[in-house]
Amino acid sequence: MSVQIFVQGKLLGIEEFLISPADGNSEQVFTGRSHWINLLAEVLPRALLADLNLSKILLGTSGGDQFLVVLPSESRPQVEEFLLAAAKQITELSGNHMSLQWAITENLGDWTDVRKRLNEEMQSKRGAPAGSLGAAYFHEMAPAPLAAGNDYFSVDLGTNLRDAEKAGWSPENPGKVSIGSGKHTWGLGPSAADALSIARHSALTEDGTQPASAAKLAERAAGRQIWGVLRGDVDSFGVRLRRVQTIEEYIQLSVMYKQFFAGELEVLCSMPEFWRKVSILYSGGDDFAIYGSWDALIPFAREVQRLFQRFCEENLKEFPGAEGKTITMALSLAPALDAALESVYEEAGQRLEIAKSSNKDSFYLLGRTIEWKQFGDAADLKETLTRMVSEFGVSPQYLRDLCGIYRETKRTGVTRRQRAAQGERPWRFHRRLNRILGPSRDREFQKVRNSLVTDLVGKGNGTLKLRPSGRVALEWARLSTES
């Protein structure tokens, strides 16, 4: 009986490739690149098994940026040849930004030992990128032109993927995923057998023939017409995977998370409040990215967090610890309608890192990182603020004045005693709010105004309290009431 081997593949340089410049319709190219990366980790391991005439049951995990398969040791030369050919074309299509690295080890010992050997080999290859290509690596150091692949990304993957019924792979293009044809094909629809788990919803133009641009999605927003990018990532997911003791648990967890994001994102995007306002960039093994109208992205984030919390409560009861059971997100708004999608995506990633480093299980929203338990307070306060404008006729300008209460910069020349004295006199801020909001005109207005003041600065007679959720609510309400 032959010895089995584990083959683990990983795509590197994804972020650099996604944000690299593109010619032509840069939005569609960016979207196509995202889908290509999402499909690669699904298609490559399946194509490898099909090309070797091996059972699909040998597939361990796939999706996101990596895959894992179990193979007979006799197939190792063919595996190396297959992956080397795929890696070469992946590098060419990405303009030398991306690379495919892999590690192979025997299925001997406990899973913890196998995983350790795979990680050590992967780290060794990442530290010596020329090792797999040999001397040829040094002939490809110059960045390859990206224009040759732009039609493939913008048309095949950026446009045609949304309504395609299957995706395929052929040995002539080992680093490409073809749409609708190929030597080996797999279904894309939810009803197809052995379907690939990917989310691919795109909001369409009015005639329903093309994906809507980011500027068009901004026009569909209520309030200010602006679009943004929302990114989310599971907290400490890698730690959760490293704690599992068997390959069965590893596969179970990986598949559960991947199917959650692919399935729930697709279902959410089909809801009436989202389907014309939101487009998916990718759904990975533990993260996702979407873009669309700013007013749809905020409730979309809250709904994903709610569903993820329920998912963890139902499926991770037997796993101790908080690792992998919370999710952090970040929203970045475009500075202009014609802003580049890749630049807003990059900024959202930077803000996501800020949120994860400061406080996990949180949301970077409109300039502040708030915990998810504070989101409800911000939403309620936002409703109160918009009610002041819509029902009581308060000028939208007052929201800008309220924002001035939240000081963005430190004032120089102010001593600690002076700052303490100011913090110990919250009634000054109450008077300032009263001036901004104006005199009370009826009992209901006075009740709402007092509630608003309390929510912003608190009831205490001693210490001033300006909550981060208050600033988020102010910005949220300002965007909702401005045209």
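Analysis parameters
Residues numbered from 1 in each chain as written. Predicted model: local features only at pLDDT ≥ 70, side-chain atom pairs only at ≥ 80, totals over all residues. Heavy atoms only, no water. pLDDT = per-residue confidence, 0-100. Contact = heavy atoms within 4.5 Å. Salt bridge = Lys/Arg side-chain N within 4 Å of Asp/Glu carboxyl O. Helix = DSSP H or I, 4+ residues; strand = E, 2+ residues; numbered from the N terminus. Buried < 20%, exposed > 50% of the residue type's maximum accessible area, 1.4 Å probe, protein only. Phe/Tyr/Trp six-rings, centres within 6.5 Å; stacked < 30°, edge-to-face > 60°. Polar contact = N/O pair within 3.5 Å; in protein donor to acceptor, adjacent residues only side chain to side chain. Pairing = 2+ DSSP bridges. Axes fitted to C-alpha atoms, helices over the stretch in contact; angles between N-to-C directions.

So, the confidence of the model for the protein chain
And step 1. Looking at the protein chain, the pLDDT average stands at 83 and 78% of residues meet or exceed 70.
And step 2. Scored below 50 in pLDDT, residues 407-430 shows 25 contacts in the model against residues more than four places distant or in partner chains.

As for the pattern of salt bridges
And step 1. Scanning the model with the defined rule gives 21 salt bridges in all.
And step 2. Where D235 meets K356, a salt bridge forms, and the shortest distance between an N and an O atom there is 2.7 Å. Residue D235 is located in the loop between β8 (227-234) and α7 (237-242), and its partner K356 is located in helix α10 (residues 341-358); the two are separated by 121 residues in the primary sequence. No difference in accessibility class separates D235 from K356, as the two residues are buried.

Digging into the packing of aromatic side chains
And step 1. In total, this model carries 23 aromatic pairs according to the counting rule given.
And step 2. Ring centres of F17 and W36 lie 5.7 Å apart, and the angle between their planes is 70°; on these two criteria the pair is classed as edge-to-face. Of this pair, F17 sits in helix α1 (residues 14-18) while W36 sits in helix α2 (residues 26-51); the two residues are 19 residues apart in sequence, bridging distant segments of the chain.
And step 3. Judged by relative accessible area, which is 0%, F17 ranks as buried.
And step 4. Accessibility expressed as a relative area gives 0% for W36, which makes it buried.

Overview of the side chain of K382
And step 1. One can find K382 in helix α11 (residues 372-390).
And step 2. At a separation of 3.3 Å, a polar atom in the side chain of K382 contacts the side chain of E383.
And step 3. Apart from the residues lying within four places of it in its own chain, the contact partners of K382 are A473, W476, A477 and S480.

Some words on the sheet that holds strand β9 (residues 278-283)
And step 1. Here we have six strands laid out as an open sheet, ordered β9-β10-β8-β11-β12-β13, and mixed in their pairing. Either end of the sheet is taken by a strand with one partner, and the two such strands are β9 and β13 (368-371). Across the sheet, the mean angle separating the axes of adjacent strands is 15° when strand polarity is ignored.
And step 2. The pairing of strand β12 (residues 362-365) with β13 spans four bridges and is classified as antiparallel. Residue pairing across strands places F363 opposite I370, the latter belonging to β13.
And step 3. α2 contacts β9 and β10 (287-293) of the sheet and is inclined by roughly 40° relative to β9.
And step 4. Sheet contacts for helix α8 (residues 247-269): β8, β9, β10 and β11 (327-333); angle to β9, the most-contacted strand, approximately 170°.

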